[in-house]
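Examining the three-dimensional arrangement
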Amino acid sequence: MLEGMLLDDVELKTKLPVPMLDRSQLSIKTILKQCIGKELSKIAMPIAWNEPVSFLQRFAENILYTYLLDMADECNDPVMRMQYVAAFAVSSISSNLDRLSKPFNPLLGETYEFVRDDLPFRYVSEQVSHHPPVSAFSCEPKDGSGRWRYYGSILPKATFSVRNMVVKPKGLLSLELKRHKEVYTWSSLTCTIHNVLVGRLWFEYHGTMEIENHANKMKAVLNFKPFSRTTKELHKVEGTIIDSRKHKLRGLYGFWTVGLFSIDIVVFESFLKEQRKEAKHALKHQQEPAANLAATAAASSLSADSEDADEDVPDVDPAHEQLNLPPNSTTLWRIIPKLEHGAQYYNFSLFTMALNEWSEEGIKLRPPLAPTDSRFRPDIRKMEEGNIDLAGDEKTRLEEKQRAARRAMEKRREEWQPRWFHLVKHEITGDDVWVTNGKYWQRNWSNCPNIY
């Protein structure tokens, strides 16, 4: 459904102006060795390891599948509503598949809006704090009905070790369904990037995502499984929907790289039991040859060149993505297939390719963008055009301009005030949350800072 909308209803570019830079001669490991113990926002990566989007634009990719929120709004069954909300939460990380480049850090006061004729929602985000770096966003139907509202903030927190980088985003994510008088909340997942110093980079999401409907206390508990060497499965999601008395109502199963499916709870538990039995059988067969090869492997590891070896690269069985679901399973969401040539363009999706679009024709036909919009960043634009040296110069200029503006504010004893979001206490959880002040779509840009 959504794929057809993206491909047929509007003419979009399917390629960037130039392919990404050949990084074969660059060593990210040399850089990352200097990053151990540092926070992500304080790491100066060479621009060649960036991708030509801002973090604000990267966050916008999370709302591609908002049709699931429309379906939740239209649904009268509370269990089915939770299933659609859970599917949306899983879908929000799907754009990260094979994305190992770093987006540009947003400048303080930078904004990004996304409105497109063929899609029924509108999205706005703002960099509301620089130290610590906090990005706030809000998304809603663009017809002004207020049927639902999805909002939150993200503070990327990353720690480096010799073997990996662990990213634990902080911030509460909230969804309001107005007609049903429901508020759902959940938090972002932990992502681990492996082999940052030795071997081939790969990453996985893992941990538990708990989505709560605060109106009826129903929950969806989703377990994002770490890579299993026994079953050779990666990116797997298993979960259940439970009511306020902790009774299991439905099973949820899938891969965030493929889709999410709903299964009758009795059938689901039998399905998982059979999977565990197969995994135990597979482990037994793996252990026998492993014991015979242990001595040889140990000797080989002593002589292997550790810089060339792929440490802990997952040996994934592609057959697992065929799912082999039980009969009568319900499809909640499926990922839009990757572009065949996507690897040449930072593994961008068709949706991502359009995030920087702002043609001369668009300028004439659409309302003016805020001058702080990410599309106007000269460093990102130059990188998209393939001019890496000029992009690096512009990035340095913008960062120095930001530092100078901060020094001037400190001298005047002023504090930064975001233009479009303000900090409040969440009415249900009590958490500090950034919410829109409702002024952005009035499009009065007279008070916008000059950040570029």
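Note that the structure is a prediction, hence the values are computed from the model and not measured. Residue positions are counted from 1 within each chain, in the order its sequence is given. In view of the model being predicted, local features appear only for residues whose pLDDT reaches at least 70, and side-chain atom pairs are presented and counted only at 80 or more, with totals across whole chains, interfaces and linings using the full set of residues. Working from all heavy atoms in the structure, the side-chain values ignore hydrogens and water.

1. Side note on the overall build of the protein
- The way it works is that DSSP assigns letters per residue, a run of H or I at least four long becomes a helix, a run of E at least two long becomes a strand, and they are numbered from the N terminus. Check the secondary structure of the protein and you find 10 helices and 19 strands.
- Partly exposed describes any residue whose relative accessible area lies between the buried limit of under 20% and the exposed limit of over 50%, with all areas from a 1.4 Å probe on protein chains only and scaled to the type maximum. Looking at the protein as a whole, 50% of its 452 residues are labelled buried.
- If you take every contact in the protein between residues at least 6 apart in sequence, the share linking residues at least 24 apart comes to 62%.
- Values of accessible area rely on a 1.4 Å probe in the Shrake-Rupley scheme; residue burial ignores everything except the protein chains shown. Counting only carbon and sulfur atoms, one obtains 52% of the accessible surface of the protein, whose full area is about 22300 Å². Contact definition: two residues touch when any of their heavy atoms are within 4.5 Å.

2. Focus: the pairing of strand S15 (residues 248-255)
- Most of S15 is tucked away: 6 of the 8 residues are buried.
- Two elements, strand S14 (residues 236-242) and S15, share 7 bridges in a ladder whose sense is antiparallel. In the strand pairing of S15, lysine 236 is matched with phenylalanine 255.
- Taking the residues that link successive antiparallel strands as the turn, the S14-S15 hairpin has 5 residues, and the phi of lysine 246 there is positive, at about 70°.
- Following DSSP output, two strands are said to pair if at least two bridges run between them. As judged from the 6 bridges shared by S15 and strand S16 (residues 259-264), these two strands associate in the antiparallel manner. Residue tyrosine 253 lies in a different strand from S16, and its bridge partner there is phenylalanine 261.

3. What about the pattern of salt bridges?
- Salt bridges are identified by distance alone: a Lys or Arg side-chain nitrogen within 4 Å of an Asp or Glu carboxyl oxygen. Counted under the stated rule, the structure contains 29 salt bridges.
- Measuring nitrogen to oxygen at the nearest pair gives 3.1 Å for the salt bridge that ties arginine 381 to glutamate 384. Highlighted residues: arginine 381 and glutamate 384, both in helix H9 (residues 378-384), separated by 3 residues, approximately one helical turn.
- When its relative accessible area of 23% is taken as the criterion, arginine 381 is described as partly exposed.

4. Quick notes on the pairing of strand S1 (residues 50-54)
- The buried fraction of S1 amounts to 5 of the 5 residues, a majority that puts the element mostly inside the structure.
- Pairing between S1 and strand S2 (residues 102-104): 2 bridges, direction parallel. Within S2, the position partnered with asparagine 50 by the bridge is lysine 102.

5. What to know about the packing of aromatic side chains
- Pairing of aromatic rings covers Phe, Tyr and the six-membered ring of Trp, with a centre-to-centre limit of 6.5 Å; geometry is then stacked below 30 degrees between planes, edge-to-face above 60, and tilted otherwise. Tallied over the full model, the rule gives 20 aromatic pairs.
- For the pair phenylalanine 55 and phenylalanine 59, a centre-to-centre distance of 5.9 Å together with 35° between the ring planes defines the contact as tilted. In this pair, phenylalanine 55 and phenylalanine 59 both sit in helix H3 (residues 55-60), 4 residues apart, roughly one turn of the helix.
- Residue phenylalanine 55 is classed as buried on the basis of its relative accessible area of 14%.
- Judged by relative accessible area, which is 12%, phenylalanine 59 ranks as buried.
- An angle of 50° between the planes, with centres 5.0 Å apart, marks the rings of tyrosine 440 and tryptophan 445 as tilted.

6. What to know about the side chain of glutamate 61
- Of note, glutamate 61 is situated in the loop between H3 and helix H4 (67-74).
- Here glutamate 61 is in contact with Ser95, Arg99, Phe351, Thr352 and Leu355, once residues within four sequence places are set aside.

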